[in-house]
Amino acid sequence: MSEPVLYLDGVSVVFDGFKALNGLSLIVDAGELRAIIGPNGAGKTTMMDVITGKTRPTAGVVRFRRHDLTKLDEASIANLGIGRKFQKPTMFDALTVFENLELALKAPRGPLACLRWVLTGEARRRIEAVMEEVGLAARAHDRAAILSHGQRQWLEIGMLLMQDPELLLVDEPVAGMTDQETEHTAALLVRIAGRRSVVVVEHDLEFVRALGSKVTVLCEGSMLSEGSIDHVQNDPRVVEVYLGR
Amino acid sequence: MTLRLVLIGAVLVLAALPALNRLPAENALHVSDFIVSIAGKWITYAVLALAIDLAWGYAGILSLGHGAFFALGGYAIGMHLMRLIGPRGVYGHPVLPDFMVFLGYKELPWYWLGFDHFPFAILMAMLVPGVLAGVVGYLAFRSRITGVYLSIITQALTYALMLAFFRNDMGFGGNNGFTDFKELLGMPLNTAAARGALFYASLLLLLGALWICSRVTRSKLGRVLVAIRDAESRARFLGYDVTQHKLFVFVLSAMIAGLAGALYVPQVGIINPGEFSPGNSIEAVIWVAVGGRGTLVGALLGAFSVNALKTWLTTVAPDLWLFALGGLFVAVTLFLPRGLIGLFSRAQR
Ligand SMILES: Nc1ncnc2c1ncn2[C@@H]1O[C@H](COP(=O)(O)OP(=O)(O)OP(=O)(O)O)[C@@H](O)[C@H]1O
Ligand SMILES: [Mg+2]
């Protein structure tokens, strides 16, 4: 029960001598919603790259339950149950909302399995339920290319949900959203957490407050402060990096 | 929908050609031998175009070496045709083809064994291109070689094969290749009956290839391929093993190209290393670009229309052909990114 879902210890990533991550440690529990904030270049996206196998750490431990993530490739990590939403929404523009979700649906992923795949009523209902959840039911048969910015973010979150992951990594979901869309997104993420762990990276502090979760502040590749949003906002070190420049 | 009707109409017209060829020459509907043999040849080109489109138009694998798979299929059937000549060669050797006698071979090289059987030769026309595509594809896709780099590798592949097949000691007839075929499946070639049979075989292959390709592109696999084409790394993060998927279509595509080559060679009566020349592969890619990649009908349209243009232009102004081909490619890239099929709009995917 108390075993953490995600465990990072002493993780460092060096790009050409520059330390993007510097001895970062982070523990996320089952069902936890965690917000990560930090100035530009703090290493937030790099941390997600390390967890999802896109970047290999130069040092440190990265574990998902019992699995050592530093030894696995992107596809295997995704199939273990870690889903990721990228900072820049990327989906398959030539495909419809429905087809994007269908590709994300947890199902055998090999070429022959995909060739033989038939959409069952059960699968259709799951896709429809997720479209409902992220508010895209009316756009089911529109190509992803013509969605608005906010809708693209939701489609990405929807694609994550289809994978039924145990851990969701969400990078800057509300960048460029209207206030109303931002509220909607916060409510959506709060609803999603509990059944699974969710790690959200975001700059928008109003949004982070709306999540009502524990907050980790990253700076220059390591953890600067951790706690409730009020605790963190009053931490003099945090005030310094955010306001002192 | 209308597109489908046009397609069915075109197939019916094609299917009628050999029959019309049998009409007496003074009949207004008579079709010349020339038309039948050239249409038969174009059908095999159309199959090659489908194969390229499957890999390029759907999965984004721009192979500039598909001519090699086509030529390998042609060589496989060519070996069978050579074996069928038997003692009727110039040197009258009971087993060895003329060129082997000429080069002083004492016995058939081991890799010629089995080619006296037609089913074996057809199997090899698929398997050899398939295995080669499998090996090259596995190495390239596993190392995540994409885009221009992959195109260059495939172009180098066909070039290397051309050089190899030019060598006499390879046992494939050197720069003369194979020719002077006599018969196939008991039918003397160069008769109207054989021409008709090969024509219908090609048409069947075209329909079969079209069926397989549309099975793939309409399935979820087709959507996965499009996903890989447009956002490869996103597909990976969704848990798709991109290497496996690319390998699957690349091998399937190479096998289809090999079969097309196997039907091409008995119709043109010759196969030589020139079929491996890099220009051939590039030309075939241009057919697909002109017709409209990413739509199967577009590939067919491109293969037929560019070859019709080529046949006409190489008779009236042969020197202009390469400029016309290049110009066509540039014009299509700039003004018709979706190819001729884009003119019929609506026809998406
Ligand atoms: N592949 C790379 N090569 C070199 N440097 C990199 C690479 N990826 C990231 N960096 C650098 O590492 C640092 C951390 O980048 P990262 O993208 O993780 O920051 P971030 O916290 O996500 O910032 P933002 O809030 O702007 O998204 C930055 O200085 C960035 O320039
Ligand atoms: Mg970032």
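Residues numbered from 1 in each chain as written. Chains lettered and ligands numbered in written order. Predicted model: local features only at pLDDT ≥ 70, side-chain atom pairs only at ≥ 80, totals over all residues. Heavy atoms only, no water.

**Student:** Tell me about the side chain of arginine 83 of chain B, residues and numbers included.
**Tutor:** All names here are of chain B. For arginine 83, the location among the structural elements is in helix α3 (residues 66–85). No salt bridge is formed by the buried arginine 83, whose closest oppositely charged neighbour, aspartate 116, lies at an N-O distance of 4.0 Å. Apart from residues lying up to four places away in sequence, arginine 83 is in contact with Val95, Leu108, Trp112, Phe115 and Asp116. (Helix = DSSP H or I, 4+ residues; strand = E, 2+ residues; numbered from the N terminus. Buried < 20%, exposed > 50% of the residue type's maximum accessible area, 1.4 Å probe, protein only. Lys, Arg positive; Asp, Glu negative; His and termini not counted. Salt bridge = Lys/Arg side-chain N within 4 Å of Asp/Glu carboxyl O. Contact = heavy atoms within 4.5 Å.)

**Student:** I'd like a rundown of the site of ligand 1, residues and numbers included.
**Tutor:** All names here are of chain A. The full set close to ligand 1 counts 13 residues, and Asn40, Lys44, Thr45, Thr46 and His203 are the nearest of them. Threonine 46 places a side-chain nitrogen or oxygen 2.5 Å from an oxygen atom of ligand 1. Bound to the protein, ligand 1 loses 63% of the 630 Å² it would expose on its own. Of all the elements, helix α1 (residues 44–51) adds the most residues to the shell around ligand 1, at 3 residues. For the shell around ligand 1, the class distribution of residues is 4 nonpolar, 7 polar and 2 charged. (Near = heavy atom within 4 Å. Polar contact = N/O pair within 3.5 Å; in protein donor to acceptor, adjacent residues only side chain to side chain. Areas by Shrake-Rupley, 256 points an atom, 1.4 Å probe, with all protein chains shown as cover. Nonpolar A, V, L, I, M, F, W, Y, C, P; charged D, E, K, R; others polar.)

**Student:** Explain helix α3 (residues 97–104) of chain A to me, using residue names and the numbers behind them.
**Tutor:** Buried residues dominate α3 of chain A, accounting for 8 of its 8 residues. Close packing links the buried residues of α3 of chain A with α5 (121–133) and α6 (149–162) of chain A together with α8 (220–230) of chain B.

**Student:** Go over the interface of chain B and chain A with me, naming the residues and quoting the values.
**Tutor:** Interface size is commonly expressed as the accessible area that is lost once the parts come together. Opposite the 25 residues of chain B that make contact, chain A presents 29 residues. Buried surface at the junction of chain B and chain A, summed over both partners, amounts to about 2,600 Å²; 64% is from carbon and sulfur atoms. When the buried area of chain B at its contact with chain A is split by residue, Lys220, Arg234 and Phe237 of chain B rank highest and sum to 31% of it. Our count for the chain B to chain A interface comes out at 3 salt bridges. Between glutamate 102 of chain A and arginine 223 of chain B there is a salt bridge, with the nearest N and O atoms lying 3.1 Å from each other. Across the chain B-chain A interface, the total number found is 10 residue pairs in polar contact (both at pLDDT 80 or more). (Buried area = accessible area lost by both parts, 1.4 Å probe.)

**Student:** Can you break down the confidence of the model for chain B residue by residue, with the values?
**Tutor:** Averaged over all residues, the pLDDT of chain B is 92; the fraction at 70 or higher stands at 98%. Reported for the predicted complex are a pTM of 0.85 and an ipTM of 0.86. (pLDDT = per-residue confidence, 0-100.)

**Student:** Help me get a handle on the sheet that holds strand β10 (residues 222–227) of chain A, residues and values and all.
**Tutor:** All names here are of chain A. With respect to topology, 6 strands assemble into an open sheet ordered β6-β7-β8-β3-β9-β10, the strand pairing being mixed. If you trace the sheet from one side to the other, it starts and ends with β6 (82–85) and β10, each paired once. Taken over all neighbouring pairs, the strand axes of this sheet differ in orientation by 20° on average, direction set aside. In this sheet, strand β7 (residues 167–171) lies alongside β6 in parallel orientation, the contact comprising 4 bridges. Note that in β7 the partner of arginine 84 across the bridge is leucine 169. (Pairing = 2+ DSSP bridges. Axes fitted to C-alpha atoms, helices over the stretch in contact; angles between N-to-C directions.)

**Student:** Any chance you could break down unusual backbone geometry for me, citing the residues and the numbers?
**Tutor:** A positive phi angle, near 50°, is found at aspartate 164 of chain A, a position not held by glycine. Looking at where aspartate 164 of chain A falls in the secondary structure, it is placed in the loop between α6 and β7. Residues other than glycine seldom take positive phi values, yet aspartate 180 of chain B does so here, at roughly 60°. With respect to the helices and strands, the residue aspartate 180 of chain B is situated in the loop between β1 (178–179) and β2 (183–184). For aspartate 180 of chain B, a relative accessible area of 54% corresponds to the exposed category.

**Student:** Please give an account of the side chain of serine 225 of chain A that cites residues and values.
**Tutor:** Residue and element names in this part refer to chain A. Tracing the backbone shows serine 225 in strand β10. For serine 225, a relative accessible area of 3% gives the class buried. In terms of polar contacts, serine 225 uses its side chain to reach the side chain of aspartate 235, at 2.8 Å. If we skip the residues at most four places from it in the chain, serine 225 touches Val215, Thr216, Val217, His231, Val232, Asp235, Arg237 and Val238.

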